[in-house]
Amino acid sequence: MRRECEKCHRTLQDCQGCNGGRPGSTVLGDRRTCSQCRNTGQVCPTHEGHWKR
């Protein structure tokens, strides 16, 4: 099931900053906080991490 932006209904993409929230995405270890996706692991192509209402 694909999630979509609550504002524009576009399909969300995996966040490039934290590799979609998957473990082992950085050399320094798992990233616990991500400012790009606001810790959701997904971003909207238009609204980025601010896809929730």
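Everything below is about the structure printed above this text.
On a predicted model such as this, the values are computed, not experimentally measured, just so you know.

Some remarks on the overall build of the chain
When helices and strands are tallied, the chain shows 0 helices and 2 strands. When the 53 residues of the chain are sorted by exposure, 25% land in the buried category. Here the analysis covers contacts within the chain between residues at least 6 apart in sequence; of these, 44% occur between residues at least 24 apart. Accessible surface, the chain as shown: approximately 4100 Å² in total, 43% of it carbon and sulfur.

Concerning a positive patch on the surface
The grouping of Arg 3, Lys 7, Arg 38, Lys 52 and Arg 53 at the surface amounts to a positive patch. Locating Arg 53 in the fold gives a position in the segment after strand S2 (42-43).

So, the nonpolar core
Of all hydrophobic cores here, the largest spans 5 residues; its members are Cys 15, Cys 18, Cys 34, Cys 37 and Val 43. When neighbours within four sequence positions are excluded, Cys 37 is seen to be in contact with Cys 15, Cys 18, Gln 42, Val 43 and Gly 49.

Here's the deal with the side chain of Gln 42
Here Gln 42 is to be found in strand S2. Judged by relative accessible area, which is 18%, Gln 42 ranks as buried.

Digging into the environment of Lys 52
The topology assignment puts Lys 52 in the segment after S2. With 48 residues separating them along the chain, Lys 52 and Glu 4 place their C-alpha atoms 9.4 Å apart. If we ignore the near neighbours within four places in the chain, the residues touching Lys 52 are Arg 3, Glu 6, Lys 7 and Thr 40.

Basis of the calculations
- Residues numbered from 1 in each chain as written.
- Predicted model: local features only at pLDDT ≥ 70, side-chain atom pairs only at ≥ 80, totals over all residues.
- Heavy atoms only, no water.
- Helix = DSSP H or I, 4+ residues; strand = E, 2+ residues; numbered from the N terminus.
- Buried < 20%, exposed > 50% of the residue type's maximum accessible area, 1.4 Å probe, protein only.
- Contact = heavy atoms within 4.5 Å.
- Areas by Shrake-Rupley, 256 points an atom, 1.4 Å probe, with all protein chains shown as cover.
- Patch = residues over 30% accessible without salt bridge, like charges linked within 9 Å, V, L, I, M, F, W, Y side chains within 5 Å.
- Salt bridge = Lys/Arg side-chain N within 4 Å of Asp/Glu carboxyl O.
- Lys, Arg positive; Asp, Glu negative; His and termini not counted.
- Charge placed at Lys NZ, Arg CZ, Asp CG, Glu CD.
- Core = buried A, V, L, I, M, F, W, Y, C linked by side-chain atoms within 4.5 Å.

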